[in-house]
Structure formats: C-alpha cells, structure tokens
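# Chain and residue survey
Read off the chains here:
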Amino acid sequence: RPLNARIELLQGPNNNKQVVELYTEDGLDRPFFAIVETPGSGNVVRVVNTAPVEFPLYASVDAYRVGGGGDWADDGLMIGRAF
C-alpha cells in the first residue's frame, strides 16, 4: 500500500509553517519515521493523508527527548507509523 501524506509543523501564529511532502511505494515495508525539533511552546504538528480514501493512514506523534537528566532544551517530536 502506498503512503502519501503531508506533515506540517506550525510554530506560533506569526511564523510560516514547515511542510514535508511524503511518498513511499509501500508504507508497510518501508514506514516513515522522523524526529522534528520543536523548541519552545505552542507548536502544532498536523499529519494529512493526501492519498485516496482506499489507502488509509495510521500515524503516531509522540514526545521525544534527547539527552539525559531532566534537561528539556532538546525536546522534539517523533513521527512514525503506528502498528
């Protein structure tokens, strides 16, 4: 099944959104994973399925932290296909 999606990152009301156009021939054999840096607060991640309705999309967006000890300066999001 093909995977065709658009991932948008919005960082506040006055900034332009960052967009990733995504296509892979087979989302089950070759799923997409990304770590997106989201410094500060007020970030929104939007995942849009741009494929036809016959090809549904299952997505998961989770908090991800780099580093150790309670230092949240390097926080981000992990985007991947849910199984």
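So, how was this worked out
Residues numbered from 1 in each chain as written. Predicted model: local features only at pLDDT ≥ 70, side-chain atom pairs only at ≥ 80, totals over all residues. Heavy atoms only, no water. Helix = DSSP H or I, 4+ residues; strand = E, 2+ residues; numbered from the N terminus. Buried < 20%, exposed > 50% of the residue type's maximum accessible area, 1.4 Å probe, protein only. Contact = heavy atoms within 4.5 Å. Areas by Shrake-Rupley, 256 points an atom, 1.4 Å probe, with all protein chains shown as cover. Pairing = 2+ DSSP bridges. Axes fitted to C-alpha atoms, helices over the stretch in contact; angles between N-to-C directions. Salt bridge = Lys/Arg side-chain N within 4 Å of Asp/Glu carboxyl O. pLDDT = per-residue confidence, 0-100.

## What about the overall build of the protein chain?
Helix and strand content of the protein chain: zero helices and six strands. The secondary structure elements of the protein chain, listed N-terminal to C-terminal, are β-β-β-β-β-β. Counting across all 83 residues of the protein chain, residues that qualify as buried make up 22%. Counted over contacts in the protein chain with a minimum sequence separation of 6, partners at least 24 positions apart contribute 56%. In the structure as shown, the protein chain presents an accessible area of about 5800 Å², 53% of it carried by carbon and sulfur atoms.

## Considering the sheet that holds strand β2 (residues 18–24)
Spatial strand order, β2-β1-β4: three strands in an open sheet with antiparallel pairing. Looking at the sheet topology across the chains shown, the edges are occupied by β2 and β4 (43–49). The sheet shows a mean angle of 15° between the axes of neighbouring strands, direction not considered. Taken together, the seven bridges between strand β1 (residues 3–11) and β4 define a ladder with antiparallel strand orientation.

## Some words on the environment of Ala51
Here Ala51 is to be found in the loop between β4 and β5 (59–65). As for Ala51 and Ala5, which are separated by 46 residues in sequence, their C-alpha atoms are 6.8 Å apart.

## Quick word on the pattern of salt bridges
In this structure the tally under the stated criterion is three salt bridges. Note that Glu8 and Lys17 form a salt bridge whose closest N and O atoms lie 3.6 Å from each other. Close ionic contact of Glu8 with Arg46 constitutes a salt bridge, the shortest N to O distance being 3.2 Å. With a gap of 38 residues between them, Glu8 in strand β1 and Arg46 in strand β4 connect regions that are remote in the sequence. Given a relative accessible area of 3%, Glu8 falls into the buried group. A residue is classified by how much of its surface remains accessible, and Arg46, at 42% relative accessible area, is partly exposed. Residues participating in the shared-partner salt-bridge network are Arg6, Glu8, Lys17 and Arg46.

## Examining the confidence of the model for the protein chain
The predicted model of the protein chain has a mean per-residue pLDDT of 78, with 77% of residues at 70 or higher. At the low end of the mean pLDDT range in the protein chain sits strand β6 (residues 75–81), at 54; at the high end sits β2, at 91.

## Overview of the environment of Ala63
Tracing the chain through its elements places Ala63 in strand β5. In this structure Ala63 comes out as exposed when scored by relative accessible area, which is 73%.

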